[in-house]
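If you want the building blocks of each chain, they are given just below.
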Amino acid sequence: MIDIEPRHGNHHFVNIKYGYIILGISLLLSLHLLLFKFIYIQQWKRNGIHNRLLTYLQRPPTWFIMLIWIVIIIYLSQDNIHEIHVEYTTIAKRLGRIAYSLIPLNIFLILRFSNSPYLNPGYYLQNLNLHKWLSRLVFVLALIHGLIFTIKWIVDGTGSKFVTIWNFLGIVVLVPFLLLMVVSIRYMRRKSYPLFYVVHNITSWLMVFLITLHARPRVWPIAIVAIAMLAMQLYSRFATYRVNSLKVIDIPASTLQIVKIPLPLNFPIWSPASHIRLNFSFLNIRCWVMATHPFTIASIFEDSRTSLVLIKKKTQLQFDSQCTYLMTGPYCSIPQPFFNTAQVVSILCGGSGISFGLPIYQYFKSTNPSVVVSLTWCVLNKDDLFILNQLNVSDIQVYVTGIDTQQSSEEHFMPEFLVEGEDDVENHGLLKENIELQPIVPNPIDPSEINEGKSNKDESITNGKRYKLGRPKLDEIFAINNPTFTYDPSTTWIIACGPDGLIYDSQRWATEHNYQFFSEKYEM
């Protein structure tokens, strides 16, 4: 009696376990991020000092996690492979299954949990860089998978396999994936973020559902996990508050606006520097195909019982008075123990980044006067200083970095433009890098050129507000000028919010002086 071997041989099912291994490792990494975020915050809350080892463990460097994944995948790809030139198709199938098995983790990294100060998804912004690089790894694995079979079928003269229904589904997914890799390049993403977002979502959904049918043997258990994660993502996007009206305050010459949104019923207490996300209503097609728009809440709960105050740039998404908008949040940025343990806080903001630094500054001023806190704001356009008058902000340092070639009037009128029934949604008002500031260097101004408030050249007064021309010296704005004050570097913080240059220079200064550092980069 002759035993007939199945058409695919024993290799048909040999790769199934590798998908589950990747899924299991993904689960362990997710649990690690959840557990150590919780432990990190609890330890900080209990001891009053954040632990640097736990800081590293709760947010490992992206390069380190990616290195581990690459080592794991290289090992698994050749496990039980004896002759690569014979078993290369087994490797190709395995890489395709590994790529698909990474999708649940990649979706987890972009889950957003509102008002969740102890959970990793409550600080979802810190996961975006890992999500980006993990997506690239998935693309590389899928591309290798496709290239190997493409070369094999061309060499073997079996090109008809390209149009076999299940194989063709893989091509359908690979085409938008290739486009996604192009539009996700930093330059392209900034030039046309809406295009990137649409291609990103189409590719994600196609890969989750079509690869489920493309893969043989099937990957239903992994697909169910991925679909469940997508359902959670949709829920977090659409579990919203309705915004039917708002108030916009600006002046014609300014590049910034103040937006006041009536505080929704049952809106939770938010910590300083938290943000919300705004979207169009369900009936608007843009709600389903466009990204939601993040904005830092520039006000603190203690002073804002009736409205949420935002500070945004004018050059972003325009308002439509006929639209109703949806709001989600608040989302944490800084762990709560920071506000209970910091002794010295120096804040440096650029442009619309004032919306991040201002609530931190106001919180300490109003609730804990014993904390030594300072705020420095750098803008390109001095007309943006109307923000300070409208929000009644004083005792901060202001630097106008643009060339003052056109003199605006000594007194600015602060007209209020109320667009009845209109909501203002800015395109990435929280995470945009083109803030009005060039990179700061430690000593950018000749000390002899500054005459501390006595020279019309270097310091001006607008509407009673003083500002200096030029860029600040970090040694001056971060200095603790009270010689009788004894400070602990472990509770002394530098906070920077703005473009890469501002953050890099501030972090370098903090490291040199052994201070703690936190930053928020306005970039997607």
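Up top is the structure.
Bear in mind the structure is a predicted one, so any value in this text is a computation, not a measurement. (Residues numbered from 1 in each chain as written. Predicted model: local features only at pLDDT ≥ 70, side-chain atom pairs only at ≥ 80, totals over all residues. Heavy atoms only, no water.)

*Asks:* Which residues make up the overall build of the protein chain, and what are the values?
*Replies:* Along its length, the protein chain carries 16 helices and 15 strands. A total of 524 residues make up the protein chain; the buried ones form 53% of that total. Looking at the protein chain alone, contacts between residues at least 24 apart form 74% of all its contacts between residues at least 6 apart. Working note: accessible area of the protein chain is about 24,800 Å², and carbon and sulfur atoms make up 61% of it. (Helix = DSSP H or I, 4+ residues; strand = E, 2+ residues; numbered from the N terminus. Buried < 20%, exposed > 50% of the residue type's maximum accessible area, 1.4 Å probe, protein only. Contact = heavy atoms within 4.5 Å. Areas by Shrake-Rupley, 256 points an atom, 1.4 Å probe, with all protein chains shown as cover.)

*Asks:* Which residues make up the pattern of salt bridges, and what values do they have?
*Replies:* Tallying each qualifying case throughout the model produces 4 salt bridges. Close ionic contact of Lys-152 with Asp-156 constitutes a salt bridge, the shortest N to O distance being 3.0 Å. With Lys-152 and Asp-156 both in helix 6 (residues 128-156), this residue pair falls 4 residues apart, about one helical turn. Given the relative accessible area of 23%, Lys-152 is considered partly exposed. For Glu-476, the salt bridge is made with Lys-473, and the minimal N-O distance between the two is 3.6 Å. The exposure class of Lys-473 is buried, given its relative accessible area of 9%. (Salt bridge = Lys/Arg side-chain N within 4 Å of Asp/Glu carboxyl O.)

*Asks:* Would you mind going over the packing of helix 1 (residues 16-47) against helix 3 (residues 62-78) in detail, with residue names and values included?
*Replies:* It is the contact of helix 1 with helix 3, at a shortest axis distance of 12 Å, that shows an interaxial angle of 160°. It follows that helix 1 is roughly antiparallel to helix 3 by the angle criterion. When the axes of helix 1 and helix 3 are compared, the crossing they make is right-handed. Together, Tyr-18, Ile-21, Ile-22, Ile-25, Ser-26 and Leu-29 of helix 1 and Ile-65, Trp-69, Ile-72 and Leu-76 of helix 3 make up the contact between the two elements. When the residues that make up the contact of helix 1 with helix 3 are grouped by side-chain class, the tally is 9 nonpolar, 1 polar and no charged. (Axes fitted to C-alpha atoms, helices over the stretch in contact; angles between N-to-C directions. Parallel < 35°, antiparallel > 145°, perpendicular 65-115°, else oblique. Left-handed = near helix turned anticlockwise from the far one by under 90°. Nonpolar A, V, L, I, M, F, W, Y, C, P; charged D, E, K, R; others polar.)

*Asks:* Tell me about the pairing of strand 8 (residues 344-350), and name the residues and values.
*Replies:* Buried residues dominate strand 8, accounting for 7 of its 7 residues. Strand direction decides the pairing type here: strand 8 and strand 9 (residues 372-379), joined by 7 bridges, are parallel. Residue Ile-347 lies in a different strand from strand 9, and its bridge partner there is Leu-375. At this point the chain moves from strand 8, through helix 13 (residues 354-367), to the parallel strand 9, and the crossover so formed is right-handed. Bridge analysis of strand 8 against strand 14 (residues 492-498) gives 6 bridges, and the strand direction is parallel. Bridge pairing in strand 14 links Cys-349 to Cys-497. (Pairing = 2+ DSSP bridges. Right-handed = clockwise from strand over helix to strand, strands pointing away.)

*Asks:* A description of the packing of helix 3 against helix 4 (residues 84-101) should follow, citing residues and the corresponding values.
*Replies:* Where helix 3 meets helix 4, the axes come as close as 9 Å, and the angle between the chain directions of the two elements is 140°. The chirality of how helix 3 crosses helix 4 is right-handed. In contact with Ile-73, Leu-76, Ser-77 and Gln-78 of helix 3, helix 4 contributes Ile-91, Arg-94, Leu-95 and Ile-98. Among the residues making up the contact of helix 3 with helix 4, the classes are represented as 5 nonpolar, 2 polar and 1 charged.

*Asks:* Tell me what's going on with a nonpolar patch on the surface, and back it up with residues and numbers.
*Replies:* The grouping of Tyr-56, Trp-63, Phe-64, Leu-67, Ile-68 and Val-71 at the surface amounts to a nonpolar patch, some 600 Å² of accessible area in total. The greatest single-element share of the nonpolar patch, amounting to 5 residues, is contributed by helix 3. Mapped onto the elements of the fold, Leu-67 is located in helix 3. On the basis of relative accessible area, Leu-67 is assigned to the partly exposed category, the value being 45%. (Patch = residues over 30% accessible without salt bridge, like charges linked within 9 Å, V, L, I, M, F, W, Y side chains within 5 Å.)

*Asks:* Give me the lowdown on the sheet that holds strand 7 (residues 325-331), citing residues and values where you can.
*Replies:* On the basis of which strands lie adjacent, the open sheet formed by 4 strands has the order 1-7-4-5 and antiparallel pairing. The open sheet has two edge strands with one neighbour each: strand 1 (241-243) and strand 5 (293-296). Between one strand axis and the next, the sheet turns through 35° on average, direction left out of account. The sheet contact formed by strand 4 (residues 275-280) and strand 5 spans 4 bridges and is antiparallel. Across the sheet, the residue bridging to Arg-277 is Pro-294, located in strand 5.

*Asks:* How would you explain the nonpolar core if you had to name every residue and give the values?
*Replies:* Soluble, globular proteins show a tendency: their nonpolar side chains are buried together. The biggest cluster of nonpolar side chains holds 51 residues, and the ones touching the most others in it are Trp-69, Tyr-100, Leu-102, Leu-134, Leu-137 and Leu-141. If you tally residues by element for this core, the top one is helix 9 (residues 193-214), at 8 residues. With near-sequence residues (within four places) excluded, Leu-141 lies in contact with Ile-73, Leu-95, Ile-98, Ala-99 and Leu-102. Listed in part, the 49 residues of the second largest apolar core include Phe-36, Ala-342, Tyr-363 and Trp-377. (Core = buried A, V, L, I, M, F, W, Y, C linked by side-chain atoms within 4.5 Å.)

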